[in-house]
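Structural overview for review
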Amino acid sequence: MRNIFLTGAVMMLLLLSCKKELGTSVDRLQADQKNAILATSDPTFTTVSTYLGDNRRETLDGPLNIARTSQPSTITTGPDGSFYFSAFRGSRIRKISPDGIVSTVAGSGVFGYCDGPALKAQFSSMGALVVTNDGIIYMCDGVYNKIRKIENGMVTTFAGSTAGSPDGTRGDVDGVGQQARFFTPTGMALAPDGSLYVADANNHKIKKITPAGVVTTIAGSTEGSADGPALLAKFVHPYAIVVLEDGTIVVVDSSDHKIRKISPAGVVSTFAGGAEGYADGLGESAKFSSPSGIALAPNGTLYISDNGNQRIRKVSPSGLVTTISGGALSGFQDGPILQARFSYPEGLLYSNDAIYICDVYNNRIRKIE
């Protein structure tokens, strides 16, 4: 079982230490060949390219062709078409404007916890970002167990304890704003009514935060794998989350290696994934290995970063899982989609008929189109 990290560096070490044997086997290579046939049936995507970054692990703003990032982790879009992203290293929230200029919008680059003017604020591990239609940014701060808010150039704590150390902020408490407590919140999605849904990874729960800051648990009980009524269901380190148009919540249940759904009626079911491994197929016949990111296309198709398998997977609205790109071995290669390689992909964004991928150990944001 993979533990959710508690610091940026420790997060990465734990992630690496718990990966299963990655694909030197004949079975994995044969699976690559079979899934190459499946991937060719998707006419939308043909090429993987580098959108931002190179092999240098550093933070540098500027035009896309010179900008750099260190272990990018999450990416989202804003109302004006800008992209916003963060990284496990760097402790900043950064923006890519529609004309391709990368800038820092929050964070001094110092790892820690400090609210205040955006460019002087401090962040720890950089979890999911969402941006509202008003341009307000919310971010999961996984080490300090808070939901942070960036508005009008100021960073504040929107929800979660303000106790002064990581250990003092942990907990599992519903409540209003800073009375609530989380334990390594990692994933977050914005609902049409302005509510936030949070994957509270080490509490193994899904929580809701209203626009007024009221935090409630909507799914999950104790660590485990069980479908059923939402508050009786069990997750194992839910890591990423999206909300569908009909109000259904889709959860990447990372250490359970499954994609789960929470219906508007409050019932949890397994949508795709069974035992840990690698297999395409329908529903629970498919297999994932520590999936970690999710993106939603307008037609209801889901895209999953299958972290342990070094692949980008597609889940149709009917639950059919296919492989879009990537291979059994961690690596770096741009070019034809079936030849491309990734190194522990995390955050995903679907925008303008393209998929953007936070390719963590390649220190790049990659693009599939």
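Remember, predicted model here, so these are calculated numbers, not experimental data. (Residues numbered from 1 in each chain as written. Predicted model: local features only at pLDDT ≥ 70, side-chain atom pairs only at ≥ 80, totals over all residues. Heavy atoms only, no water.)

Overview of the UniProt feature "repeat: NHL" (unreviewed entry) in the protein
Keep this limit in mind: UniProt positions are given in the numbering used here, feature names are shortened, and annotations may be inferred rather than shown by experiment. The way it works is that DSSP assigns letters per residue, a run of H or I at least four long becomes a helix, a run of E at least two long becomes a strand, and they are numbered from the N terminus.
Mapped onto the present numbering, the UniProt feature "repeat: NHL" (unreviewed entry) falls at residues 173-212 and 288-318. Helix makes up 0% of residues 173-212 and strand 45%. Its end C-alpha atoms lie 17 Å apart. Secondary structure over residues 288-318 splits into 0% helix and 52% strand, and the C-alpha atoms at its two ends are 17 Å apart.

Observations concerning the sheet that holds strand β8 (residues 126-131)
Rules: Paired strands, in this sense, are two strands between which DSSP finds at least two bridges.
Strand order in the open sheet formed by five strands is β7-β11-β10-β9-β8, and the pairing between neighbours is antiparallel. At either margin of the open sheet sits one strand with a lone partner, and together these are β7 (116-117) and β8. As paired strands, strand β10 (residues 146-151) and strand β11 (residues 154-159) are joined by five bridges and run antiparallel to one another. From the neighbouring strand, Ile150 faces β11, where its bridge partner is Val155.

So, empty space enclosed by the protein
What counts, and what does not: Points on a 1 Å grid, built from protein atoms alone, make a cavity when a 1.4 Å probe fits but cannot get out and make a pocket when they are open with protein on both sides within 12 Å along at least 5 of 7 lines; residues with an atom within 4 Å of a point are the lining residues. Grid points are joined across faces, edges and corners, and a volume is the space filled by probe spheres set on the points. Under the grouping applied here, Gly and all other residues not named as nonpolar or charged are polar, the nonpolar ones being Ala, Val, Leu, Ile, Met, Phe, Trp, Tyr, Cys and Pro and the charged ones Asp, Glu, Lys and Arg.
Enumeration according to the criterion identifies one cavity of 30 Å³ or more in this entry. Lining the largest cavity, in full, are Thr59, Thr69, Ser70, Ala87, Arg89, Gly90, Ser91, Arg92 and Arg94. Grouping the constituent residues of the lining of the largest cavity by class yields one nonpolar, five polar and three charged.

Considering the side chain of Ser82
This is how it is decided: Each residue is placed in one exposure class: buried if its accessible area under a 1.4 Å probe, protein chains only, is under 20% of its type's maximum, exposed if it is over 50%, and partly exposed if it falls in between. Any two residues whose heavy atoms approach within 4.5 Å at even a single point are treated as in contact.
By the secondary structure assignment, Ser82 is in the loop between β3 (72-77) and β4 (83-87). According to the relative accessible area criterion, Ser82 is buried, its value standing at 0%. Beyond its immediate stretch of four places on either side in the chain, Ser82 contacts Thr76, Thr77, Lys95, Ile96, Ser97 and Pro98.

A word on the packing of aromatic side chains
Note the cut-off: What counts as a ring pair is set by centres within 6.5 Å for rings of Phe, Tyr and Trp (its six-membered ring), and what kind of pair is set by the plane angle: stacked under 30 degrees, edge-to-face over 60, tilted for all other angles. A ring has a charge above it when a Lys NZ or an Arg CZ is no more than 6 Å from the ring centre and no more than 35 degrees off the ring normal.
Going through the model one piece at a time under the given rule, you end up with eight aromatic pairs. Ring centres 4.7 Å apart and planes at 65 degrees place the aromatic pair Phe83 and Tyr356 in the edge-to-face group. On the criterion of sequence distance, the pair formed by Phe83 in strand β4 and Tyr356 in strand β29 (residues 354-359) is long-range, its members being 273 residues apart. The rings of Phe45, Tyr303 and Tyr350 are connected pair by pair, giving a single aromatic cluster. Between the NZ or CZ atom of Arg311 and the centre of the ring of Tyr278, over which it lies, the distance is 3.6 Å. If you follow Arg313 out to its NZ or CZ, it ends over the ring of Phe288, 4.9 Å from the centre.

Observations concerning the environment of Asn362
Note on placement: Asn362 falls in the loop between β29 and β30 (364-368). The class for Asn362 is buried, based on a relative accessible area of 10%. Spatially, the C-alpha atoms of Asn362 and Ser70 are 8.6 Å apart, while their sequence positions differ by 292 residues. Every residue in contact with Asn362, bar those within four places of it in the chain, is listed here: Asp54, Gly331, Phe332, Arg341, Phe342 and Ser343.

Some points on the UniProt feature "domain: Teneurin NHL" (unreviewed entry) in the protein
UniProt records the feature "domain: Teneurin NHL" (unreviewed entry) for residues 280-316 in the present numbering. Helix makes up 0% of residues 280-316 and strand 49%, and the two end C-alpha atoms of the span are 12 Å apart.

As for the pairing of strand β20 (residues 258-262)
Summarising burial for β20: five of the five residues are buried, a large majority. Side-chain alternation along β20 places Lys258, Arg260 and Ile262 on one buried face and Ile259 and Lys261 on a second face that is also buried. Sheet topology note: the strand β19 (residues 249-253)/β20 ladder contains five bridges and is antiparallel. Bridged to Val251 within β20 is Arg260.

Some remarks on the environment of Asn145
For clarity, the cut-off: In the analysis that follows, any N or O atom pair within 3.5 Å is treated as a polar contact, provided that within protein one partner can donate a hydrogen and the other can accept it, and provided that, for residues neighboring in sequence, both atoms belong to side chains.
Relative to the helices and strands, Asn145 is located in the loop between β9 (137-141) and β10. Each C-alpha atom of the pair Asn145 and Gly168 lies 9.5 Å from the other, and the pair is 23 residues apart in sequence. Separated by 2.8 Å, the side chains of Asn145 and Thr169 make a polar contact.

Here's the deal with the pattern of salt bridges
Condition: We define a salt bridge as a contact between a side-chain nitrogen of Lys or Arg and a carboxyl oxygen of Asp or Glu at a distance within 4 Å.
In this structure the tally under the stated criterion is 20 salt bridges. Linking Glu151 and Lys149 is a salt bridge whose minimum nitrogen-to-oxygen distance equals 3.4 Å. Residue Glu151 is classed as partly exposed on the basis of its relative accessible area, which comes to 32%. Where Arg260 meets Asp256, a salt bridge forms, and the shortest distance between an N and an O atom there is 3.6 Å.

Concerning the pairing of β30
Judged by how many residues are buried, β30 sits mostly within the fold: five of five residues are covered. Residues Arg364, Arg366 and Ile368 point to one face of β30 and Ile365 and Lys367 to the other, with burial holding for every one of them. With four bridges joining them, strand β1 (residues 47-52) and β30 adopt antiparallel strand pairing. Paired with Ser49 across the strands is Lys367, a residue of β30. The pairing of β29 with β30 spans five bridges and is classified as antiparallel. Pairing of Cys358 across the sheet is with Ile365, part of β30.

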